[in-house]
Amino acid sequence: MEKNEFKIGNTLIELVLGDITEMDTDAIVNAANSSLLGGGGVDGAIHRKGGLKIFEECKKIRATKYPSGLPTGEAVITSAGNLKSQFVIHTVGPVWQGGIHDESKLLEKAYDSSLRLALSKGLSSISFPSISTGAYNYPIKQASFVALNAIIKFADKQQKIAKIVMVLFSKKTFDIYLTTAKSLFK
Ligand code: AR6
C-alpha cells in the first residue's frame, strides 16, 4: 500500500492509496448525501460491505434527529457493521457549483464536523475519503487544499486524535493530495 506520513505536533497525518472500507481506524468517514440512505461511490461501498446494521441506524437517525435530511457540512455517527473500523461517521460534502456557493466553507465544515464528532466520542484514529470529488464534482486539487488545511487546523488545536488518514482511491488523486501536502507541511 502506497503511503506517506506527515506530523503536526503528536498527530500523525497519513495519505494512503487504497480503499477506505479496508481501514481499521476507529472510524471511517462516509461521503454520504443528505438522505443518509445510501448511494454510489464510497457510500455504496460502505453500505455494501458494512451490511444492513449501518442502514438501519441511518434510518433511525432520519426518523428522529434529521427528518428532512442531514444538512451539508454536518456529521452523524453509526456503528460500522461488518467493517474493520468500529464506527462510520456520515457527512455530506457540497455539490460543486462553480465555487461561488460557499463550497469551500461547506467542504471544510464537513471535515471539521467529522473530526469534532470523533473527538467527542473519544476516538483516536479516523480515515477520510476525498469528500465531494466524485459524484459531487469538486475539483480535486482545490479539494485537497481544503481537506488538508481543515485537518491541519484541527490537529493544531488538539492532540487526542493521534492519527488522521486520507484514503485516496486512485493514483491520480493520491498524487494530487501528496503534492498539496508537501506544499503545506514545510
Ligand atoms: N475508498 C476510498 N475512496 C473511494 C472509494 C473507496 N472505496 N470509492 C470511491 N472513492 P463519491 P462525493 C473516491 O462519489 O463526490 C454518493 O452517491 C472517489 O474516487 O463517493 O462526495 C453519495 O450517496 C472520489 O475521489 O462522493 C452521494 O450522493 C471520492 O471517493 C454522492 O455520491 C468521493 O467520491 C457524494 O459524492
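A brief report on the enclosed structure follows. (Residues numbered from 1 in each chain as written. Predicted model: local features only at pLDDT ≥ 70, side-chain atom pairs only at ≥ 80, totals over all residues. Heavy atoms only, no water.)

**Re the packing of helix α3 (residues 103-120) against helix α4 (residues 140-157)**
Pairs of packed helices are described in terms of their axes, by the angle between the two and the distance that separates them.
Moving on, step 1. Their axes nearest at 9 Å, the elements α3 and α4 cross at an angle of 35 degrees. For the pair α3 and α4, the crossing hand works out as right-handed. In this structure, α3 contributes Ser-104, Leu-107, Glu-108, Tyr-111, Asp-112, Leu-115, Arg-116 and Leu-119 to the contact, and α4 contributes Ala-143, Val-146, Ala-147, Ala-150, Ile-151, Lys-153, Phe-154 and Lys-157.
Moving on, step 2. For the contact of α3 with α4, the residue count by class is ten nonpolar, one polar and five charged. (Axes fitted to C-alpha atoms, helices over the stretch in contact; angles between N-to-C directions. Helix = DSSP H or I, 4+ residues; strand = E, 2+ residues; numbered from the N terminus. Left-handed = near helix turned anticlockwise from the far one by under 90°. Contact = heavy atoms within 4.5 Å. Nonpolar A, V, L, I, M, F, W, Y, C, P; charged D, E, K, R; others polar.)

**A few points about the site of the ligand**
Moving on, step 1. Around the ligand sit 20 residues, and of these Asn-33, Gly-40, Asp-43, Ser-132 and Gly-134 come closest.
Moving on, step 2. In this structure, Gly-40 approaches the ligand through a main-chain N or O atom, which is 2.7 Å from an oxygen atom.
Moving on, step 3. In the model, an oxygen atom of the ligand is placed 2.8 Å from a nitrogen or oxygen of the Val-42 main chain.
Moving on, step 4. Burial of the ligand by the protein amounts to 87% of the accessible area it has alone, namely 700 Å².
Moving on, step 5. It is helix α1 (residues 41-50) that provides the largest number of residues to the shell around the ligand, a total of three residues.
Moving on, step 6. Of the residues belonging to the shell around the ligand, the class tally is eight nonpolar, ten polar and two charged. (Near = heavy atom within 4 Å. Polar contact = N/O pair within 3.5 Å; in protein donor to acceptor, adjacent residues only side chain to side chain. Areas by Shrake-Rupley, 256 points an atom, 1.4 Å probe, with all protein chains shown as cover.)

**Points about the side chain of Gln-158**
Moving on, step 1. Among the structural elements, Gln-158 can be located in the loop between α4 and β7 (163-168).
Moving on, step 2. Residue Gln-158 is classed as buried on the basis of its relative accessible area of 10%.
Moving on, step 3. Side-chain polar atoms of Gln-158 contact the backbone nitrogen of Ile-161, separated by 2.9 Å. (Buried < 20%, exposed > 50% of the residue type's maximum accessible area, 1.4 Å probe, protein only.)

**Digging into the sheet that holds strand β2 (residues 11-17)**
Moving on, step 1. The mixed open sheet is built from seven strands, whose spatial order is β1-β2-β7-β6-β3-β5-β4. Strands with a single pairing partner mark the edges of an open sheet, and in this sheet they are β1 (3-8) and β4 (75-79). Within this sheet the neighbouring strands show an average axis-to-axis angle of 25 degrees, counted without direction.
Moving on, step 2. The pairing of strand β6 (residues 125-128) with β7 spans four bridges and is parallel. Residue pairing for β7: Ser-127 is matched across the bridge by Val-165.
Moving on, step 3. Against the sheet, helix α2 (residues 52-64) engages β4 and β5 (87-92), with an angle of about 140 degrees to β4. (Pairing = 2+ DSSP bridges.)

**Looking at the packing of α4 against helix α5 (residues 171-184)**
Moving on, step 1. Taken N-terminus to C-terminus, the directions of α4 and α5 make an angle of 50 degrees; their axes are 9 Å apart at the nearest point. Between α4 and α5, the crossing angle belongs to the class labelled oblique. The chirality of how α4 crosses α5 is right-handed. In contact with Ile-140, Lys-141, Ala-143, Ser-144, Phe-145, Ala-147, Leu-148, Asn-149 and Ile-152 of α4, α5 contributes Lys-172, Thr-173, Ile-176, Tyr-177, Thr-180, Ala-181, Ser-183 and Leu-184. (Parallel < 35°, antiparallel > 145°, perpendicular 65-115°, else oblique.)

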